[in-house]
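Take a look at the letters that make up each chain.
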Amino acid sequence: MAVTDIKSASEKLLAAEDSRTSISRITEEWSGLDLETAYKVQREVISARTAQGRKIIGTKLGLTSKAKQVRMGINSPLTAKLLDNYYLATDTPIPLAALIQPRIEPEIVFIMKQDLRGPNVTAAQALAAVESVHAGFEVIDSRFTDYSFALPDVVSDNASSAYFFMGNKGVSPADLDLTFEAVALSVNGKCVATATGAAVQGHPAEALALAANSLAAQGDYIRAGEIVLTGGLTDAIPVEAGVQISAEFTNLGSLFITAE
């Protein structure tokens, strides 16, 4: 399949996901794929999935850490869409057979009580629009071989979206200092990473505000009732069959996930 336009790029990504086969960078074939066009590819991918019956239930952020942004040459996180089939109950194992090269990362998750529309949204305004805060995990799965991509590639690929988990315990944002909300990530009982909410743009509400402002440039916004994944608190780690992965937060509770 030659990739020369938005339609052919989206079709290649959809085929890779459906067949669980990794592909080379789209930018290797289509040198004209810039960031603005990549978001158009992403919207085409999501449109194809909604035409199949999927529903958009929220927004996710990618590349929220300053270090990752510097490596990719950007100064703001990426945005992508959450579909209803991405959500897994916490007692559901990660279905590895449905994925190519899964990795997992702990996240702070928001459920919105109000619409949030950019531009010029501040972190304080963003946090005021949040109903509750939850512990979360995101399972990412790049369609690009060995997670090798340029910025327009990963945007087109809906920021490597696959699945996510969210804890049942919801806490009011007024009762938290999310800068210092800590998490310990463990595999089979052994701690492999720790972080705080400061890893996400200094504060997850800053990431939420940036998402609202970025979406405004695309003619979009964050809706009341939607779920927002604010970005990985630690580096994503590979997922293997039979492991138990846990994220233990200071105030948001703990999640225990298995894979098979």
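Refer to the preceding data block for the structure.
Only a predicted model underlies this, so the values are computations on that prediction, with no experimental measurement involved. (Residues numbered from 1 in each chain as written. Predicted model: local features only at pLDDT ≥ 70, side-chain atom pairs only at ≥ 80, totals over all residues. Heavy atoms only, no water.)

Glancing now at empty space enclosed by the protein. Under the definition given, this model contains one cavity of 30 Å³ or more. By volume, the largest cavity is sized at about 40 Å³. Leu 13, Leu 14, Glu 17, Val 45, Arg 143, Ser 156, Asp 157 and Asn 158 together form the lining of the largest cavity. With three residues, helix H1 (residues 6–19) is the single largest residue contributor to the lining of the largest cavity. A class-by-class count of the residues in the lining of the largest cavity yields three nonpolar, two polar and three charged. (1 Å grid on protein atoms, 1.4 Å probe; cavity = no way out; pocket = protein on both sides within 12 Å on 5 of 7 lines; lining within 4 Å. Points joined across faces, edges and corners; volume = space filled by probe spheres on them. Helix = DSSP H or I, 4+ residues; strand = E, 2+ residues; numbered from the N terminus. Nonpolar A, V, L, I, M, F, W, Y, C, P; charged D, E, K, R; others polar.)

Turning our attention to the environment of Gln 125. Tracing the backbone shows Gln 125 in helix H4 (residues 123–128). Considering only alpha carbons, one finds Gln 125 and Ala 209, 84 residues apart in sequence, at a separation of 7.8 Å. Apart from residues no more than four positions distant in its own chain, Gln 125 is found in contact with Leu 116 and Asn 120. Polar contacts involving the side chain of Gln 125 include one to the main-chain amide nitrogen of Thr 122, which spans 2.9 Å. (Contact = heavy atoms within 4.5 Å. Polar contact = N/O pair within 3.5 Å; in protein donor to acceptor, adjacent residues only side chain to side chain.)

Glancing now at the nonpolar core. Within the largest apolar cluster, 47 residues are counted, with the highest numbers of intra-cluster contacts made by Ile 94, Phe 110, Met 112, Leu 116, Phe 137, Leu 208 and Ile 222. Apart from the residues lying within four places of it in its own chain, the contact partners of Ile 94 are Leu 99, Ile 104, Val 139, Phe 165, Val 239, Ile 257, Thr 258, Ala 259 and Glu 260. Among the nonpolar cores identified, the runner-up in size contains 22 residues, and Val 3, Ala 38, Ile 74 and Val 154 belong to it. (Core = buried A, V, L, I, M, F, W, Y, C linked by side-chain atoms within 4.5 Å. Buried < 20%, exposed > 50% of the residue type's maximum accessible area, 1.4 Å probe, protein only.)

On to the packing of H1 against helix H2 (residues 35–51). The N-to-C vectors of H1 and H2 enclose an angle of 55°; their axes lie 9 Å apart at closest approach. Taken together, the axes of H1 and H2 are oblique relative to one another. Both H1 and H2 take part in a crossing whose hand is right-handed. Contacts from Ile 6, Lys 7, Ala 9, Ser 10, Leu 13, Leu 14, Glu 17 and Asp 18 in H1 reach Thr 37, Lys 40, Val 41, Glu 44, Val 45, Ala 48 and Arg 49 in H2. Tallied by class, the residues present in the contact of H1 with H2 amount to seven nonpolar, two polar and six charged. (Axes fitted to C-alpha atoms, helices over the stretch in contact; angles between N-to-C directions. Parallel < 35°, antiparallel > 145°, perpendicular 65-115°, else oblique. Left-handed = near helix turned anticlockwise from the far one by under 90°.)

This part covers unusual backbone geometry. In this model, Gly 118 is joined to Pro 119 through a cis peptide bond whose omega is 5°. When you line up the elements, Pro 119 lands in the loop between strand E3 (103–112) and H4. Although it is not a glycine, Asn 158 adopts a positive phi angle of roughly 55°. Relative to the assigned elements, Asn 158 resides in the loop between helix H5 (151–156) and strand E5 (161–166). In this structure, Asn 188 is a non-glycine residue whose phi angle is positive, near 50°. Its location among the elements puts Asn 188 in the loop between strand E6 (182–187) and strand E7 (190–196). Overall, Asn 188 belongs to the exposed group, its relative accessible area being 52%.

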